[in-house]
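# Tertiary structure, described
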Amino acid sequence: MTDNARPPVTVIGLGDMGRALAGALLDAGHPTTVWNRTASRADALAARGAAVAATPAEAVAASPLVIVCLLDDGTVRKVLEPAAGALDGRTLVNLTNGTPRQARETAAWAAGQGAQYVDGGIMAVPPMIGRPEALVLYSGSPAAFAAHEATLGALGAARHLGADPGLAALYDVALLSAMYGMFGGFLHAVALTRSEKVPAAEFTPLVVAWLGAMMESLPAMAEAVDSGDHPATGSNLRMQATAYVNLLEAARDQGVGTELMEPMRALLDRAVAAGHGDDGLSSLVDLLRTAPA
Ligand code: FVH
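Being a predicted model, the structure only gives us computed values, none of them experimental. (Residues numbered from 1 in each chain as written. Predicted model: local features only at pLDDT ≥ 70, side-chain atom pairs only at ≥ 80, totals over all residues.)

### A short note on the sheet that holds strand S6 (residues 116-123)
Spelled out, the test is: Pairing between strands is defined by DSSP: at least two bridges between the two strands are required. The secondary structure listing takes helices from DSSP runs of H or I that are at least 4 residues long and strands from runs of E that are at least 2 residues long, numbered from the N terminus.
With mixed pairing, eight strands are arranged side by side in an open sheet as S3-S2-S1-S4-S5-S6-S7-S8. The two strands at the open ends of the sheet, each matched to only one other strand, are strand S3 (51-52) and strand S8 (157-160).

Spelled out as structure tokens, the structure:
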């Protein structure tokens with residue numbers, strides 16, 4: 001059910017995420033136009049009242065706000081370039097996962113077409129879209145974001161990070177990197193315990209409690225990073241580098257691959273060799289920002 005008091009929106013790209021975005025906009029009462037390469041993916045949205053455009057250009061021309069959510073940056077360019085003439089005077093919000101450099105390049109390209117540009121990073125999975133727990137990070141034109149903030153709020157909690165269009169992608173890839181670090185650690189831990197037939201479901205509550213306790217140290221580590229002072233607080237890097245060898249040896253003994261764990265050993269060794277053995281873990285941030293010798 002749409003409500004003509006709500007501004008019209010176009011959604012280009014109806015994969016798992018794009019369909020969730022378009023569905024949330026329909027739920028909020030926005031007249032919604034959609035386009036997707038595989039047209040059948042629009043069927044359920046059309047049944048709920050979405051207008052289905054025949055081409056990307058027709059989709060762009062339908063609304064002052066155009067949201068794209070496609071596989072990757074190359075796909076965004078491929079789909080939008082034939083529609084470039086229709087972008088003049090519109091706001092392009094790109095929720096496709098990408099890099100800061102790609103976001104800045106697409107912003108410059110969009111400006112060349114007369115469009116305002118806002119980049120976005122979706123910190124949510126499709127079933128969360130439309131709910132307040134879905135966080136969507138934005139950066140780019142502050143004026144365009146302010147003009148469309150209420151509409152974008154239909155997708156989830158909207159947070160604008162600044163005028164630099166690369167910021168949302170920077171935060172997005174940083175948060176995803178933290179997520180993959182956590183999942184990688186969990187997967188390795190479960191592979192280890194499964195090697196002795198411990199059911200993952202039995203072991204996992206211990207992981208949840210342990211990671212929760214360790215997460216409490218992150219704000220203090222962040223302060224150390226910002227100050228450049230890296231107190232060991234009882235766990236210096238020399239000790240950690242020595243103990244870490246046991247993590248790798250135990251994995252090999254248990255027949256578990258070490259590919260998720262090896263990079264940290266290399267970094268710890270590099271830190272100790274560089275004279276940071278008495279520092280705390282937070283000093284690895286400085287090291288990561290310098291290439292190995
Ligand atoms: N799904 C998720 O959990 C995450 C959550 C965080 C954000 N990501 C990013 O969102 C972008 C879209 O992800 P998605 O889940 O919708 O991805 P797919 O279901 O694979 O849909 C891909 C869409 O891209 C279209 N597409 C692909 N290649 C082309 C092409 N050569 N020409 C035109 N369109 C293309 C595809 O069309 P079709 O296959 O249905 O015809 C879909 O619309 C992504 O950046 C995530 O990293 C999702």
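That shown, we press on.
### Remarks on the UniProt feature "domain: 6-phosphogluconate dehydrogenase NADP-binding" (unreviewed entry) in the protein
So the rule is basically this: UniProt positions are given in the numbering used here, feature names are shortened, and annotations may be inferred rather than shown by experiment.
The UniProt feature table records "domain: 6-phosphogluconate dehydrogenase NADP-binding" (unreviewed entry) at residues 9-157. Taken end to end, residues 9-157 is 37% helix and 22% strand, and its two terminal C-alpha atoms sit 18 Å from one another.

### Considerations on the UniProt feature "domain: NADPH-dependent reductive aminase-like C-terminal" (unreviewed entry) in the protein
Mapped onto the present numbering, the UniProt feature "domain: NADPH-dependent reductive aminase-like C-terminal" (unreviewed entry) falls at residues 164-289. Spanning residues 164-289, this segment combines 70% helix with 0% strand, and its end C-alpha atoms are found 22 Å apart.

### Some remarks on the pairing of strand S7 (residues 135-140)
Heads up, the condition is: To sort residues by burial, count the other C-beta atoms lying within 10 Å of each one's C-beta; a count of 20 or more means buried, 12 or fewer means exposed, and anything in between means partly exposed. C-beta atoms are built from the backbone. Whether a crossover is right-handed depends on one test, that the path from the first strand over the helix to the second runs clockwise when the strands point away from the viewer.
Counting buried positions along S7 gives five out of six residues, so the element sits mostly inside the fold. As defined by bridge partners, S6 adjoins S7 across six bridges and the pair is classed as antiparallel. Each bridged residue has a counterpart across the sheet, and for Asp-119 the counterpart in S7 is Ser-139. As paired strands, S7 and S8 are joined by four bridges and run parallel to one another. When the sheet's bridge partners are listed, Leu-137 is paired in S8 with Arg-159. Note on the crossover from S7 through helix H6 (residues 142-152) to S8: the handedness is right-handed.

### Quick word on the domain arrangement of the protein
We apply this condition: Domain borders in the structure are assigned automatically or taken from a domain database. C-beta atoms are placed from the backbone for every residue, and two residues are taken to be in contact when these atoms lie within 7 Å. Here the nonpolar group is Ala, Val, Leu, Ile, Met, Phe, Trp, Tyr, Cys and Pro; Asp, Glu, Lys and Arg are the charged ones; every other residue, Gly included, is treated as polar.
Taken domain by domain, the protein comprises domain 1 (9-162) and domain 2 (171-288). The interface is formed by six residues belonging to domain 1 together with four residues belonging to domain 2. Of the residues in the side of domain 1 that touches domain 2, the class split is three nonpolar, three polar and no charged.

### Topic: the pairing of strand S2 (residues 32-35)
Covered by surrounding structure in S2 are Thr-32 and Val-34 together with Thr-33 and Trp-35, the residues of both alternating faces. Direction of pairing for strand S1 (residues 9-12) relative to S2: parallel, over a ladder of four bridges. When the bridges of S2 are listed, Val-11 appears paired with Val-34. Assessed by its sense of winding, the connection that carries the chain from S1 through helix H1 (residues 16-27) to S2 is right-handed.

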